[in-house]
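Overview (structure and organization)
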Amino acid sequence: MSTAAAPTTARALVVLFVSTLAFAISFAAWMMFGVTGIPIRHELGLNASEFGLLTATPILTGALLRLPFGIWTDRFGGRIVMALLLAGSAVPLWLSSYATKLWQFLAIGLALGMVGAVFAVGTPYVARFFPRNRGFAMGVFGAGVSGAAINMFVAPQLVNHFGWQSVPRVYAISLLVVAGLFWLLALPDPGKNANAPTIRAQLGVLRDPRVWKYCQYYSIVFGGFTALSIWMPQYFLNQYHFPIAQAALMAACFSLPGGVLRAAGGWLSDRFGAHKVTWWVLWVAWICLFLLSYPQTDLIVQTVRGPLAFHIGLPAWGFAALLFILGVCFACGMASTFKYIGDDFPTNMGAVSGIVGMAGGIGGFLLPIMFGALLDILGVPSSCFMLLYGIVWVSLILSYLTEVRRFAVIGSPEHGQVAAANPSSGAPRIVQAG
């Protein structure tokens, strides 16, 4: 283990800032096809399933690479791994501006998707600088997913003024600049361990059922966030008939709070425990998704005075408001999941965060494809929310069976019971007395 002196609070905050900046720019590039995919879809004449595949392809690579990059971070240190990853990702990003066929976009998308692995590098890296406030630090770093909102603001303007090809070029240059800035300001990783266990040994955590549970949570809060961030611009464009710039701004009602408020989710997890935050996040998200799932509906009621027509459906402002609340829920859920990890696996965070991050990324890859397939099969635009509604319901059942039966959610333990502390939940474990 590295024996470097502990950095001052000011230097640790600088590391946190530059790491979050790097993640935000990386995430904007990772979400690029959410906006550029709209003109590309028109150029290539793609159906909904093909569009889902186009937008999801970079997510797959980013998901699969999170595990090895997380392990390499434990072994070689976050500073060197992050800098190389940022610089290397700029190459396929630039090349994507020259693609003209779907197979070319898919092939290059697989390569540029490695930028999504930045999260698995930065999470254990910044957490090691804040041993007493891991939830907050990981929440601040996780706020880099606001790069999805940055993409909503920047990419449409570039598309409208310079064509979609300008977007990957601007992002590639930005990644190179941020890589240089990161290398200059970041500190050596205090948790770097050149003698870290082998990959096989680190993967031994897969035998712990808690890892699989956190994977399921993260596949919905992060996977759902990622999928909706790239799906919502075209949803507003097609359903509410906004121009691309306005559609992207409306979609930012979801992606912006999902990033900015993740730090608040980290604070709440430190204050109230990961279990309580996760439980209530899932319930509020479930209610929002139920309302978002209801399709635009026209009803004709036969009355004594003749037919009477009714229209049931969310107006654009109501739809955006529910998306905002859902974005806040997902932000807090992402933070609480990694609070679990920081508490339960403090010495093996690189591997566990890589595994859980990979699960979330795979969710982000599969969901857009499933959104497109459901749309092609059912023809109901809100079917994407119906799917998410069902997945969140599964998460609620899992949380109830594994935690709620044992942990207090509201109030005090019942008479005749004693509470035993559980550091990962932040809530008391209920044990029957004598």
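Structure: see above.
Scope of this entry: the structure provided in the associated data block. (Residues numbered from 1 in each chain as written. Predicted model: local features only at pLDDT ≥ 70, side-chain atom pairs only at ≥ 80, totals over all residues. Heavy atoms only, no water.)

Attention now moves to the overall build of the protein. Looking only at helices and strands, the protein features 17 helices and four strands. Counting across all 434 residues of the protein, residues that qualify as buried make up 56%. Approximately 17800 Å² of the protein is accessible, and the part contributed by carbon and sulfur atoms is 69%. (Helix = DSSP H or I, 4+ residues; strand = E, 2+ residues; numbered from the N terminus. Buried < 20%, exposed > 50% of the residue type's maximum accessible area, 1.4 Å probe, protein only. Areas by Shrake-Rupley, 256 points an atom, 1.4 Å probe, with all protein chains shown as cover.)

Turning our attention to the packing of aromatic side chains. Per the stated rule, a full pass over the model turns up 35 aromatic pairs. Their ring planes at 35° and their centres at 5.4 Å tell us that F225 and F254 sit as a pair that is tilted. A residue pair is termed long-range when its members are at least 10 positions apart, and F225 in helix α11 (residues 209-239) and F254 in helix α12 (residues 244-260) qualify at 29 residues. Accessibility assignment for this pair places F225 and F254 in one class, buried. Following the ring pairs from residue to residue traces out a cluster consisting of F23, F27, W30, F119, F141, Y218, F222, F225, F254 and F330. (Phe/Tyr/Trp six-rings, centres within 6.5 Å; stacked < 30°, edge-to-face > 60°.)

Let us now look at the pairing of strand β2 (residues 306-312). Bridge analysis of strand β1 (residues 297-303) against β2 gives seven bridges, and the strand direction is antiparallel. Paired with Q302 across the two strands is P307, which belongs to β2. In this structure, the hairpin formed by β1 and β2 is closed by a connection of two residues. (Pairing = 2+ DSSP bridges.)

With that settled, consider the nonpolar core. Counting 133 residues, the largest nonpolar core has L326 and F385 as the members making the most contacts within it. The greatest single-element share of this core, amounting to 16 residues, is contributed by α11. L326 has contacts with L228, F254, A285, C288, L289 and L292, leaving out every residue within four places of it along the chain. (Core = buried A, V, L, I, M, F, W, Y, C linked by side-chain atoms within 4.5 Å. Contact = heavy atoms within 4.5 Å.)

All right, on to helix α13 (residues 262-272) then. Taken residue by residue, α13 has R262, A263, G265, G266 and S269 as its buried positions. For α13, the angular spread of buried residues about the axis comes to 160°, placing them on one side. A positive phi of about 100° marks G273, the residue just after α13. (Arc of directions from axis to C-beta.)

At their nearest, the axes of helix α1 (residues 9-30) and helix α8 (residues 147-162) sit 7 Å apart, and the two run at 60° to each other. Comparing their axes, α8 and α1 come out oblique. When the axes of α1 and α8 are compared, the crossing they make is right-handed. For the pair α1 and α8, contact is made by A24, F27 and A28 and by G147, A148, I150 and N151, respectively. (Axes fitted to C-alpha atoms, helices over the stretch in contact; angles between N-to-C directions. Parallel < 35°, antiparallel > 145°, perpendicular 65-115°, else oblique. Left-handed = near helix turned anticlockwise from the far one by under 90°.)

It is worth spelling out the side chain of T36 at this point. Within the element layout of this structure, T36 appears in helix α2 (residues 33-44). In this structure T36 touches W164 and V167, once residues within four positions along its chain are discounted.

Counting buried positions along helix α6 (residues 118-127) gives ten out of ten residues, so the element sits mostly inside the fold. Within α6 the residues assigned to the buried category are V118, F119, A120, V121, G122, T123, P124, Y125, V126 and A127.

Here the focus is the state of the cysteines. Evaluation of the coordinates by the stated rule reveals zero disulfides. The cysteine C288 is free of any disulfide, with C329 supplying the nearest cysteine sulfur at 5.4 Å. In this model C332 remains outside any disulfide bridge; the closest cysteine sulfur is found in C329, 7.0 Å from its own. (Disulfide = S-S within 2.5 Å.)

Here the focus is unusual backbone geometry. Glycine aside, a negative phi is what most residues show, and trans is what most peptide bonds show. Positioned with a positive phi, H241 is a non-glycine residue whose angle comes to about 60°. With respect to the helices and strands, the residue H241 is situated in the loop between α11 and α12. For H241, a relative accessible area of 65% translates into the label exposed.

This part covers the pattern of salt bridges. Applying the stated criterion across every chain yields a total of one salt bridge. We note a salt bridge from R210 to D208, for which the minimum N-O separation is 2.7 Å. For R210, a relative accessible area of 32% gives the class partly exposed. (Salt bridge = Lys/Arg side-chain N within 4 Å of Asp/Glu carboxyl O.)

Looking now at the environment of N238. Relative to the assigned elements, N238 resides in helix α11. With a relative accessible area of 35%, N238 lands in the partly exposed category. In the structure, N238 is positioned 143 residues away from P381 in sequence and 9.1 Å away in space, judged by C-alpha atoms.

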